[in-house]
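Working through the structure, step by step
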Protein chains: 2
Amino acid sequence: MKRLLPLVALLFPLACQQADTTPESAVPIAVAGLAALPTDPPELVGNPITERKVELGKMLFFEPRLSRSWLISCNTCHNLALGGVDLLATSVGHGWQKGPRNSPTVLNAVFNIAQFWDGRAADLKEQAMGPVQAAVEMNSTPDRVVQTLQSIPEYVQLFEEAFPDEANPVTFENMARAIEAFEATLITPGSPFDRYLAGDEAALDEAQLQGLELFTGKGCTACHGGHNVGGAGYFPFGLVQRPGADLLPPGDKGRSAVTQVESDDYFFKAPSLRNVDLTPPYFHSGAVWDLGAAVRVMGTAQLGTDLTEAEATSIVAFLRSLTGSQPQIDYPILPRHTKDTPLPELGPMEEQH
Amino acid sequence: MKRLLPLVALLFPLACQQADTTPESAVPIAVAGLAALPTDPPELVGNPITERKVELGKMLFFEPRLSRSWLISCNTCHNLALGGVDLLATSVGHGWQKGPRNSPTVLNAVFNIAQFWDGRAADLKEQAMGPVQAAVEMNSTPDRVVQTLQSIPEYVQLFEEAFPDEANPVTFENMARAIEAFEATLITPGSPFDRYLAGDEAALDEAQLQGLELFTGKGCTACHGGHNVGGAGYFPFGLVQRPGADLLPPGDKGRSAVTQVESDDYFFKAPSLRNVDLTPPYFHSGAVWDLGAAVRVMGTAQLGTDLTEAEATSIVAFLRSLTGSQPQIDYPILPRHTKDTPLPELGPMEEQH
């Protein structure tokens, strides 16, 4: 990934400066079960990251004309101004419909084992194809998307440049590949915790160090470990004690709908806790706004431990140290549509008011 | 506004600064009734433009938490990726409700005589207060907005810095002042037509020159004149021949609702034609998608002239030369809310699906 360094530096100039506050000579600090966030994206299966693909992917990420209404883009529910989420319990899509689950952050999502709360998409490329077609989200179709992109000469050229070896580059799959390449760059290095791991002992204050000790000592790292502090596996929500229907709606059985294995009932991907302070409300149901309350739910439900308020407060202090530098984005200027572009359709609800 | 009169603009061709392709020695070209776009915003009444105010205003422009749902920002309907509009016939707001009129572009709007299609807001500051409160748009209230901003320490500090002489700077009016200051910077210099006016004869091609001649010769500049090519006054839609109800819905009488003068029935502000190619669909009803068709409607309705298709095509070619450089925006990172921030409310429709 060495050749990507200039691109990453370009995308995260501020982050690089912040990360530089750790002296070169600092001795890395080891914390059992946790690791530093990589500053470069991993290699994407079948989708080499190039500057042109990332730039196209950024435009598509902000492109509301991928939705039937011309109102909803990836950024609507994964707002890069707001930690890569929409700050709603569950997302709102076409026709103001509420989706079934809380929108996970796109930040560092490239490091997750799979995408969606139930892991039904193997990677970000596969994930990107979902909401575009979901009736409660962007409510479009692959055909409509390709027709839209084909109708705009600037996009045709950008696809040709991003996929130079392909005879017919404007495809639904390549839309997803470009979005994946862009999203893979949405990494948030330079968090206090990463500076601490790099050897800057002063990067965490007393409360955060206490929280870190509780976080590892109580066993949180069993599910929320590694460099992404989670995102690496599926676990039953309610391992020790099942939470109420407000947090765990009985109709949403999670992972088992993907695996068709009954023992996976109510398994969900343990989310990455990177930037978790920025991404309430919490859980797949989005039922809990307060991070401390969410931590206490985890204690009871997953660890069989009633954390005290003081313990939860310490853990929250540590979790806040997982907030890294947010990606700096030049807001794209999107090309004009043409007479061949399918026009917006607001759906059956449009005449109700 | 005196300093913006065509003659003055011709004597001081500010556009030259942006027109890097125009040689310094170029002699400005005079076009009757039209003038170069200023590259700097005018002074705002009671609202000096400062860097801090613009930066705060940019954040607020992209801030969905000014809306009750946390889903809708100024940029939703005035998308800076799309020429400052939403490309919908009429805008969609809270609860997927359709608004009554087409969303005008925010680009160069600071040069308009007043804001909204009926001019009911004297300036951008007054305009900004409207959609935030409108039930069919952002559906918030001044109290809720102030409570929201007050609850977020970073915003309190940014307001203090933007309005340093005020004891209590976090007000609804200052929200509007900051947004006005940002929007005043959304100017699009460097259009081919401005380069032409600056003396670069090659900036317009043959078709565009022909279109320009038709545009001035047929009398379009009577309503669409000056440096903003419109936006300077109110005129009856259907001066010569009233268009059908699809273009001019009889229930929307325009300016007369503001002035309470019956003779102002069906008067609307003639919009600026700057960037008009980017901002379909056209008219306050948003009923016409094709710019050539819109030009022919204007010929019949306003000038009593049935323009030929060839004439309309030429005029469209000229109108495309009014597209300038789009503002380059660093997408803002918005501060986290707190426990005192009023949480999102999606409204009565949220449980329908």
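Just so it is clear, the model here is predicted, and its values are computed rather than measured.

Cut-off values and rules
Residues numbered from 1 in each chain as written. Chains lettered and ligands numbered in written order. Predicted model: local features only at pLDDT ≥ 70, side-chain atom pairs only at ≥ 80, totals over all residues. Heavy atoms only, no water. Buried < 20%, exposed > 50% of the residue type's maximum accessible area, 1.4 Å probe, protein only. Helix = DSSP H or I, 4+ residues; strand = E, 2+ residues; numbered from the N terminus. Arc of directions from axis to C-beta. Contact = heavy atoms within 4.5 Å. Axes fitted to C-alpha atoms, helices over the stretch in contact; angles between N-to-C directions. Parallel < 35°, antiparallel > 145°, perpendicular 65-115°, else oblique. Nonpolar A, V, L, I, M, F, W, Y, C, P; charged D, E, K, R; others polar. Least-squares fit on C-alpha atoms with pLDDT ≥ 70 in both. Salt bridge = Lys/Arg side-chain N within 4 Å of Asp/Glu carboxyl O. Polar contact = N/O pair within 3.5 Å; in protein donor to acceptor, adjacent residues only side chain to side chain. Core = buried A, V, L, I, M, F, W, Y, C linked by side-chain atoms within 4.5 Å. Lys, Arg positive; Asp, Glu negative; His and termini not counted. Phe/Tyr/Trp six-rings, centres within 6.5 Å; stacked < 30°, edge-to-face > 60°. Lys NZ or Arg CZ within 6 Å of the ring centre and 35° of its normal. Buried area = accessible area lost by both parts, 1.4 Å probe. Disulfide = S-S within 2.5 Å. pLDDT = per-residue confidence, 0-100.

**Things to note about helix 6 (residues 142-150) of chain A**
Residues and elements named next belong to chain A. Turning to helix 6, its buried residues are Arg144, Val145, Thr148 and Leu149. The buried residues of helix 6 all sit within an arc of 130° when viewed along its axis, so they share a single face. On its buried face, helix 6 is in contact with helix 3 (51-61), helix 5 (124-133), helix 7 (153-162) and helix 8 (172-184).

**Details of the packing of helix 2 (residues 51-61) of chain B against helix 7 (residues 172-184) of chain B**
Residues and elements named next belong to chain B. Where helix 2 contacts helix 7, the two axes come as close as 7 Å, and the packing angle between them is 100°. Accordingly, the angle class assigned to the pair helix 2 and helix 7 is roughly perpendicular. Between helix 2 and helix 7, the residues in contact are Lys53, Val54, Leu56, Gly57, Lys58, Leu60 and Phe61 and Met175, Arg177, Ala178, Ile179, Ala181, Phe182 and Glu183, respectively. Grouping the amino acids of the contact of helix 2 with helix 7 by side-chain chemistry returns nine nonpolar, one polar and four charged.

**Section: the relation of the copies chain B and chain A**
The transform that puts chain B on chain A rotates by 180° and translates by 0.0 Å along the axis, for an RMSD of 0.1 Å. Read as a symmetry element, the transformation amounts to a two-fold axis. The position closest to the rotation axis in chain B is occupied by the C-alpha of B:Asp330, lying 2.3 Å away. Looking at the interface residues of chain B, 100% of them are also at the interface in chain A, so both copies use one shared face.

**Overview of the pattern of salt bridges**
Scanning the model with the defined rule gives 32 salt bridges over all chains in all. Of the charged contacts in the structure, one is a salt bridge between A:Arg101 and A:Asp252, with a shortest N-O distance of 2.7 Å. Separated by 151 residues along the polypeptide, A:Arg101 in the loop between strand 2 (97-98) and helix 5 and A:Asp252 in the loop between strand 3 (234-236) and helix 11 (256-259) bring together distant segments of the chain. Judged on exposure class, the residue A:Arg101 and its partner A:Asp252 are both buried. For B:Asp277, the salt bridge identified is with A:Arg336, shortest N-O distance 3.0 Å. Pair noted here: B:Asp277 is in the loop between strand 4 (267-269) and helix 11 (291-303) and A:Arg336 is in the segment after strand 5 (329-331), and the two residues belong to different chains. Overall, the relative accessible area of 8% leaves B:Asp277 in the buried class.

**Some words on the side chain of B:Asn79**
By secondary structure assignment, the location of B:Asn79 is in the loop between helix 3 (74-77) and strand 1 (92-93). With a relative accessible area of 8%, B:Asn79 lands in the buried category. Reaching out from B:Asn79, the side chain makes a polar contact with the side chain of A:Tyr331 at a distance of 2.7 Å.

**Quick look at the nonpolar core**
Residues A:Leu60, A:Leu80, A:Met175, B:Leu60, B:Leu80 and B:Met175 are the most contacted members of the largest nonpolar core, which totals 101 residues. When residues in this core are grouped by element, the largest group, eight residues, is from helix 8 of chain A. Every residue in contact with A:Leu60, bar those within four places of it in the chain, is listed here: A:Leu66, A:Cys74, A:Leu149, A:Tyr155, A:Phe159, A:Met175, A:Ala178 and A:Ile179. Counting residues in each nonpolar core, the second largest holds 37 residues, with B:Leu34, B:Leu248, B:Ala312 and B:Leu319 among its members.

**Points about the side chain of B:Lys53**
All names here are of chain B. Structurally, the position occupied by Lys53 is in helix 2. Despite its burial, Lys53 remains without a salt bridge, the nearest opposite charge being carried by Glu166 at 7.1 Å. In this view, Lys53 contacts Asn47, Pro48, Ala162, Phe163, Arg177, Ala178 and Ala181; residues no more than four positions away in its chain are not counted.

**A word on helix 4 (residues 124-133) of chain B**
Residues and elements named next belong to chain B. Where burial is concerned, most of helix 4 is hidden: seven out of the 10 residues are buried. Of all the residues in helix 4, the buried ones are Leu124, Lys125, Gln127, Ala128, Met129, Pro131 and Val132. Taken together, the buried residues of helix 4 touch helix 5 (142-150) and helix 7.

**Focus on the packing of aromatic side chains**
Overall, the coordinates contain 19 aromatic pairs over all chains when judged by the stated rule. Summarising the aromatic geometry, the rings of A:Phe62 and A:Tyr331 are spaced 5.3 Å apart at their centres and angled 80° between planes, so their arrangement reads as edge-to-face. With a gap of 269 residues between them, A:Phe62 in the loop between helix 3 and helix 4 (74-77) and A:Tyr331 in strand 5 connect regions that are remote in the sequence. Assessed through its relative accessible area of 6%, A:Tyr331 is described here as buried. Ring-pair connections join several aromatic residues into one group, and the members of that group are A:Phe61, A:Phe62, A:Phe182, A:Tyr331, B:Phe61, B:Phe62, B:Phe182 and B:Tyr331. Across the ring face of A:Phe116, the terminal group of A:Arg120 is positioned such that the distance to the ring centre comes to 3.7 Å. Across from the ring centre of B:Tyr234, 3.9 Å away, lies the NZ or CZ of B:Arg255, which sits over that ring.

**Observations regarding the interface of chain B and chain A**
Accessible area lost during the coming together of the parts is what is often quoted as the interface size. Taken together, the contacts link 46 residues of chain B with 46 residues of chain A. Here chain B meets chain A over a buried area of about 4,100 Å², counting both sides, of which 68% is carbon and sulfur. By the criterion of area lost to chain A, the three top residues of chain B are B:Trp96, B:Tyr331 and B:Arg336, representing 22% of everything that side buries. The tally of links from chain B across to chain A stands at two salt bridges. Between the two partners, chain B and chain A, sit 12 residue pairs in polar contact (both at pLDDT 80 or more). Counting residues per element, the ones that place at least two in the side of chain B that touches chain A are helix 3, strand 1, strand 2 (97-98) and strand 5 (329-331) of chain B. With three residues, strand 5 of chain B is the largest single contributor of residues to the side of chain B that touches chain A. Along the lines of polarity and charge, the residues of the side of chain B that touches chain A split into 26 nonpolar, 12 polar and eight charged.

**Some words on unusual backbone geometry**
For the bond running from A:Pro280 to A:Pro281, omega is -10°, close enough to zero to count as cis. Along the chain, A:Pro281 falls in the loop between strand 4 (267-269) and helix 12 (291-303). A positive phi angle, near 60°, is found at B:Asn139, a position not held by glycine. Its location among the elements puts B:Asn139 in the loop between helix 4 and helix 5. Phi at B:Gln260 is positive, roughly 60°, even though this residue is not glycine. Secondary-structure assignment places B:Gln260 in the loop between helix 10 (256-259) and strand 4.

**Observations regarding the state of the cysteines**
Residue and element names in this part refer to chain A. Applying the stated rule across the entire model yields zero disulfides over all chains. Cys77 carries a free sulfur, and the closest cysteine sulfur to it, the one in Cys74, is 9.1 Å from it. With a relative accessible area of 11%, Cys77 lands in the buried category. We note that Cys223 lacks a disulfide partner, and the nearest cysteine sulfur, in Cys220, lies 8.9 Å from it. By relative accessible area, Cys223 is classed as buried at 18%.

**Observations concerning the confidence of the model for chain A**
Residue and element names in this part refer to chain A. Overall, the predicted model of chain A reaches an average pLDDT of 93, with 92% of residues at or above 70. Considering only residues more than four positions removed or in separate chains, one finds that residues 1-20, a stretch of pLDDT under 50, has 29 contacts. Our summary of model confidence lists the complex with pTM equal to 0.93 and ipTM equal to 0.93.

**Observations regarding the environment of A:Val316**
Residues and elements named next belong to chain A. Along the chain, the position of Val316 falls in helix 13 (residues 309-320). Owing to a relative accessible area of 8%, Val316 belongs among the buried residues under this scheme. Taking the C-alpha atoms as reference points, Val316 and Asp290, separated by 26 residues in sequence, lie 9.9 Å from one another. If we skip the residues at most four places from it in the chain, Val316 touches Leu291, Gly292 and Val295.

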